[in-house]
Amino acid sequence: MATISSLFLKTPTPTQPFPKTHKPHFSTPLNLPRSSRKLGPGSVTRARIRCGLIEPDGGKLVNLVVEESQKAQITKRALSLAQIKLSKIDIQWVHVLSEGWASPLKGFMRESEFLQTLHFNSTRLENGSVVNMSVPIVLAIDDFQKNQIGGSSRVTLVDDKNNPIAILNDIEIYKHNKEERIARTWGTTVLGLPYADEAIINAGNWLIGGDLEVIEPIKYNDGLDRFRLSPAELRDEFTRRNADAVFAFQLRNPVHNGHALLMTDTRRRLLEMGYKNPVLLLHPLGGYTKADDVPLHWRMKQHEKVLEDGVLDPETTVVSIFPSPMHYAGPTEVQWHAKARINAGANFYIVGRDPAGMGHPLEKRDLYDADHGKKVLSMAPGLERLNILPFRVAAYDKTQNKMVFFDPSRPQDFIFISGTKMRALAKNKESPPDGFMCPGGWKVLVEYYDSLASTENGRIPQPVPV
C-alpha cells in the first residue's frame, strides 16, 4: 500500500509476561492462556483473545467530510454565511474531528459536552453508555465574531486565505472560562504551559460548538500527507494484513533502540498469549508541538532512516501520523491519546513513564508524577475495552553495548540517556554509545540541530525531503 511506511525490529531477550489492566469486551473468547496483573491490593484484571478489530466508540466511525455530490452545494452555501477564520491548531482539530478520531463527536463541543469533558473526562451518549473524552475540542471566538454571527444557526470556517474549510451547523455559543479550562485540563494554572500559551490565553472569550460539514479532506501539502492515514484507512490496512491484535505506540520523539526493544518484546508477548498476527501501529504525533520538540518533518526523516537501517519489521508494522495537537497535559491527555487509537482499531495501547508529560515550567521537576498516566489509564471511564500495556524501563547496558531492560540488581552497569542528554550530544555533533540508536537515525538528529545553528547564524537551512 503506497501510503504505508514500515519499520523492522531486532528480537530482544524474553521478559516476563506483560501486565494487563482493563477487562475488555470479547465477542468470541478463545480457550487460550490468560495473563493477569495486580495493580494494587485486591485488584486483579485479566485479558482474553478477541477476534477482529475493536469497535469504534459509539459503535460507528464518524466521517464528517461531505459526499462529492454535495460539495458544490455546500461550498455555495458556505460563501453566503458569516465566517470564522481558523488558526493552524483549529484546522488540526477540524482534521481530527472530520476523520472520526474523536468518534462519536460530530463537531466542536457544545457546552454540555465541554462540561462533561472537563468534569468527568467522558461524555454520556443517548443510550446511556459512556465514552472517554478527556481533552476539550472547542473553537474560541471573540466578541466581534460573536456579534457578526448574531442569531445565525450556522457559520463558515475558513483558513488564513479565506478559503472555506467547513460549515458549523446548529451552533451554540457559550462562555469560555479560560482559567477553569486550564486548571481542569492541566491540574494547574502555572504560567508557561505551551498549548495554553499558544491556543487558550489569548483566544476569544466565547466558545462556539456545533456539527461539522467538512468540504474537503484536510491536506497540508507538506510532503507528508501520504502518511496521514485516517482511522478508516488504518482499519482497512489492519484488516488487509489479517491482524487479530493491534498495539499502538505514540511518540513525539525520534525512535531509539530502547523503543525498538519495547515494541518487539510487546509483539513477542502477544504471540505467547495466543494471538496469531499482532500488528504494531507506530503513531507519531503530527499536530502542534512545543518549540523545543523535534519537528515532524525531521522525525519522519529519522523514522525513514530507522527503516533503512533495519530496525522495524515492514510485515508487522504500520507507520502513520496522528494529526492531533499536543497539550502536554499528562494523565488527562494520555486518555485522549488512548481513546483515539480505539477508533483507529487498536485494542492494546503501550504506555510508558510520564506519558504526555513535560517539565514544570518554573521548577526543576516533572509537572506530573511519572506513574500516574498508566495508573489513570487503567481506571479511566470509557476505556474499559482497551488493554493498557505499561512497559519496563529500557536503558543502555555497558556490559552488552546495547539497549536492554533495566536490571535493578546491577544498576552500575546501566546508563540512562535522557532526552536532554540526547539533544546535547546531537547539538555538539557527538555520538551516543554504540547500540543506542541506528547510525542513520542519529545522523538525521545531528543534521537537525546543525540546521538550528545555521538559522541562528543567519543561514537558511535547506528543506528536508522525506
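Whatever comes next refers back to the structure up there.
This write-up is about the structure you can find in this document. All figures in this text were calculated on a predicted structure; none of them were measured in a lab. (Residues numbered from 1 in each chain as written. Predicted model: local features only at pLDDT ≥ 70, side-chain atom pairs only at ≥ 80, totals over all residues. Heavy atoms only, no water.)

## Observations regarding the overall build of the protein
Operational definition: Counting from the N terminus, the helices are DSSP H or I runs at least four residues long and the strands are E runs at least two residues long. Three labels apply to residues, based on accessible area from a 1.4 Å probe with only protein chains included: buried if under 20% of the type maximum, exposed if over 50%, partly exposed otherwise in between. In this analysis, two residues are considered to be in contact whenever any of their non-hydrogen atoms come within 4.5 Å of each other. In this description, accessible areas are obtained by the Shrake-Rupley approach with a 1.4 Å probe, and a residue is regarded as covered only by the protein chains that are shown.
A count of helices and strands for the protein gives 13 helices and 17 strands. Counting every position in the protein, which comprises 466 residues, the buried fraction comes to 55%. Here the analysis covers contacts within the protein between residues at least 6 apart in sequence; of these, 75% occur between residues at least 24 apart. Working note: accessible area of the protein is about 21,000 Å², and carbon and sulfur atoms make up 49% of it.

## A word on the packing of aromatic side chains
Put simply, the rule is: Note on aromatic contacts: the rings of Phe and Tyr and the six-membered ring of Trp form a pair at centre separations within 6.5 Å, being stacked when their planes are under 30 degrees apart, edge-to-face when over 60 apart, and tilted otherwise. Remark: a charge is flagged as sitting over a ring if the NZ atom of Lys or the CZ atom of Arg is within 6 Å of the ring centre and within 35 degrees of the ring normal.
All told, the structure shown has eleven aromatic pairs when counted by the stated rule. Taking the centre distance of 5.0 Å and the plane angle of 70 degrees together, the rings of Phe406 and Phe414 count as edge-to-face. Accessibility expressed as a relative area gives 24% for Phe406, which makes it partly exposed. Using a relative accessible area of 8% as the deciding quantity, one classes Phe414 as buried. Measuring from ring centre to ring centre gives 5.2 Å for Phe406 and Phe416, while their planes differ by 55 degrees; the resulting arrangement is tilted. Residue Phe406 is located in the loop between β16 (402-405) and β17 (414-415), and its partner Phe416 is located in the loop between β17 and α12 (419-427); the two are separated by ten residues in the primary sequence. Three or more aromatic residues link up through ring pairs in this structure, and these residues are Trp93, Trp101, Phe322 and Trp336. The residue whose ring lies beneath Lys146 is Trp206, and the NZ or CZ to ring-centre distance is 4.6 Å. The cationic tip of Lys175 hangs over the ring face of Trp206; the distance from NZ or CZ to the ring centre is 4.9 Å.

## Thoughts on the sheet that holds strand β7 (residues 154-158)
Condition: For two strands to be treated as a pair, DSSP must find at least two bridges joining them.
Taken in spatial order, the five strands make up an open sheet running β3-β7-β8-β9-β6, and their pairing is mixed. Looking at which strands have only one partner, the edges of the open sheet turn out to be β3 (83-85) and β6 (140-141). Inspection of the sheet shows β7 paired to strand β8 (residues 164-175) by five bridges, in the antiparallel sense. Note that in β8 the partner of Val155 across the bridge is Leu168.

## Points about the pairing of β16
Note: strand β15 (residues 394-397) against β16, four bridges, orientation antiparallel. Bridge pairing in β16 places Tyr396 opposite Met403.

## Here we look at the pattern of salt bridges
This is how it is decided: A carboxyl oxygen of Asp or Glu within 4 Å of a side-chain nitrogen of Lys or Arg is what we treat as a salt bridge.
A complete count under the given rule lists 25 salt bridges for this structure. Here Arg240 makes a salt bridge to Glu237, at a shortest N to O gap of 2.7 Å. Of this pair, Arg240 and Glu237 both sit in helix α7 (residues 231-240), three residues apart, which is roughly one turn of the helix. Arg240 sits in the exposed class, given a relative accessible area of 52%. On the accessibility criterion, Glu237 (1% relative accessible area) is buried.

Any functional reading would require information that these geometric values do not contain.
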